[in-house]
Amino acid sequence: MNRRDFLSGRFAFGKQESAPSSGFGSRGTEAGMMLPPEFSPAMLKAQARQLGLDPDTMSEEEIALAVIKAMNAQRPG
């Protein structure tokens, strides 16, 4: 999946592409694989702070899910 497909909503939740291990904790999780590779753990934490969340009390997967949910909420109908 490329960035354009992700941002335009052209992805299937049932299919998972095999992602190479990048060393990031969330990349091995389902939520981590749904995000483009540009989302580093530091960027995810920054996004969580912008959403009013406390990333220090959340797991990486919880942060990734919150960011995905916010991105989907902002996507036009």
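Presented here is a report on the structure given in the accompanying data block.

Scoring rules and cut-offs
Residues numbered from 1 in each chain as written. Predicted model: local features only at pLDDT ≥ 70, side-chain atom pairs only at ≥ 80, totals over all residues. Heavy atoms only, no water. Core = buried A, V, L, I, M, F, W, Y, C linked by side-chain atoms within 4.5 Å. Buried < 20%, exposed > 50% of the residue type's maximum accessible area, 1.4 Å probe, protein only. Helix = DSSP H or I, 4+ residues; strand = E, 2+ residues; numbered from the N terminus. Contact = heavy atoms within 4.5 Å.

### Section: the nonpolar core
In terms of nonpolar packing, the biggest core is built from ten residues, these being Ala-31, Met-34, Leu-35, Phe-39, Leu-44, Ala-48, Ile-63, Ala-64, Val-67 and Ile-68. Broken down by secondary-structure element, the contributors of at least two residues to this core are α2 (30-34), α3 (41-50) and α4 (60-74). Counting residues per element, this core draws most heavily on α4, at four residues.

### Examining the environment of Ile-63
By the element assignment, Ile-63 lies in helix α4. For Ile-63, a relative accessible area of 2% corresponds to the buried category. With 22 residues separating them along the chain, Ile-63 and Pro-41 place their C-alpha atoms 9.1 Å apart. In contact with Ile-63, other than residues within four places in its own chain, are Leu-44, Lys-45, Ala-48, Pro-55 and Met-58.

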